[in-house]
Amino acid sequence: MTAKRLDGTAVAAQIRAELKPAVDAFAAKAGRPPGLGIILVGDDAASQIYVSSKAKSAGETGLRADLVRLPASTSLEDLLREVDRLNRSDVHDGILVQAPLPAAMGAGAARRVFDAIDPAKDVDGFHPLNVGRLVQNRDSLVACTPSGVIELLERSNVPIAGASAVVVGRSDIVGKPMAMLLLHRNATVTICHSRTKDLPRVCAQADILVAALGKAAFVTREFVKPGAAVIDVGIARLTDRAEVERIFAPGSPARATFDKRGSVVLGDVHPEVAKVAGALSPVPGGVGPLTIAMLLKNTLRAAEARGAGR
Ligand code: NDP
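Quantities reported herein were computed from a predicted structural model and do not represent experimental measurements.

Quick question: what am I supposed to make of the environment of Phe-126 here?
Note that Phe-126 resides in the loop between α4 (109-116) and α5 (128-135). The contact partners of Phe-126, leaving out residues within four places of it in the chain, are Phe-114, Val-131, Ala-143 and Ile-173.

Pasting the structure below:
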């Protein structure tokens, strides 16, 4: 069996196309587009790429996106001041502070920053008020990556109600909200983490397996029930040839990419899983584009909820 490819790039394009008329309608009513303020602190290479993609995608969908770049030496107080400025801004409906923050800001900095964002503008869905609303299955701004996974499953006609779903990873930004969203759609949900015993056996019960642990190619075929839908949230970049050759078969496109670029992007799921799973989201081209599409959707939603388009 070769797993059906769950094409996140195509689904994200579909979502953006659906958003465009609503974004235009908002702009016509409000006399301005929905606005997103993105704060990037420091010069982490991956974060630079993420924020650029987010700003570009926002612009292409008709939203206003302002990228605020702050030096790595920025103090937590200065960052909080910038958040406060965006909280008060009339033209910014959504605020995103790109994680991770520089380690020098200290432990707990990210939590203080996320707590400081106006919950009505919290398009990342990280504020405790929005998390609480999610837990209670109330209307809320929900974290973009897990809500993107739900879009991918639903639009690919993967049944969720009654399914056994296993989420590997319990972070506040992916694993926990993912589990809640699946639960609210009536899956029977198991959350796994680094202390889970006999992880492959637990995962192999799943009709839907979501891998969000941040360990390249960790989920091998023994983790997967034949025919299961497997969602790969992880993103890693390998630069070591021996490791690439260990994971990818000779002649595979990933090896060719590595030969050309000296690195290859992959997820938490080993490529051999494609032989067992019924459906599989690729990396790249799976969950990543959906995360961005859901950010745009949340920004429009925040703009409409703030009433600025009335
Ligand atoms: P975190 O590091 O915050 O969380 C990882 C989770 O995985 C933890 O709960 C940890 O358990 C668990 N874990 C780690 N090792 C194991 C193991 N050996 N067995 C079982 N569980 C394990 O990561 P994030 O949730 O932030 O991100 C996860 C991955 O998703 C990363 O690769 C990240 O880059 C990617 N990501 C992708 C996005 C996208 O848009 N596609 C967006 C966000 C993240 P414990 O709690 O016990 O430590």
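Help me understand the sheet that holds strand β7 (residues 208-211) in this model?
Paired through backbone hydrogen bonds, the strands of a sheet run either parallel or antiparallel to each other. The sheet built from six strands is open, its strands ordered β1-β11-β8-β7-β5-β6 with parallel pairing. The two strands at the open ends of the sheet, each matched to only one other strand, are β1 (4-5) and β6 (188-192). Where β7 lies against strand β8 (residues 229-232), four bridges are found, and the strand directions are parallel. The partner of Ile-208 across the bridge, within β8, is Ala-229.

Is there a simple way to think about the site of the ligand in this case?
As a matter of local geometry, the ligand sits amid 21 residues, with Arg-170, Ser-171, His-193, Ser-194 and Thr-291 nearest to it. In the model, an oxygen atom of the ligand is placed 2.7 Å from a nitrogen or oxygen of the Arg-170 side chain. The separation between an oxygen atom of the ligand and a polar side-chain atom of Ser-171 is 2.5 Å. Looking at the shell around the ligand residue by residue, the classes come out as ten nonpolar, nine polar and two charged.

Can you walk me through the packing of aromatic side chains in this structure?
Applying the stated rule across the entire model yields two aromatic pairs. Plain terms: the ring middles of Phe-114 and Phe-126 are 4.9 Å apart, the flat faces sit at 70° to each other, and that makes the pair edge-to-face. Of this pair, Phe-114 sits in helix α4 while Phe-126 sits in the loop between α4 and α5; the two residues are twelve residues apart in sequence, bridging distant segments of the chain. On the basis of relative accessible area, Phe-114 is assigned to the buried category, the value being 14%. Between Phe-218 and Phe-223, the ring centres sit 5.8 Å apart and the planes meet at 65°, which makes this aromatic pair edge-to-face.

Cut-offs used in this document
- Residues numbered from 1 in each chain as written.
- Predicted model: local features only at pLDDT ≥ 70, side-chain atom pairs only at ≥ 80, totals over all residues.
- Heavy atoms only, no water.
- Helix = DSSP H or I, 4+ residues; strand = E, 2+ residues; numbered from the N terminus.
- Contact = heavy atoms within 4.5 Å.
- Pairing = 2+ DSSP bridges.
- Near = heavy atom within 4 Å.
- Polar contact = N/O pair within 3.5 Å; in protein donor to acceptor, adjacent residues only side chain to side chain.
- Nonpolar A, V, L, I, M, F, W, Y, C, P; charged D, E, K, R; others polar.
- Phe/Tyr/Trp six-rings, centres within 6.5 Å; stacked < 30°, edge-to-face > 60°.
- Buried < 20%, exposed > 50% of the residue type's maximum accessible area, 1.4 Å probe, protein only.

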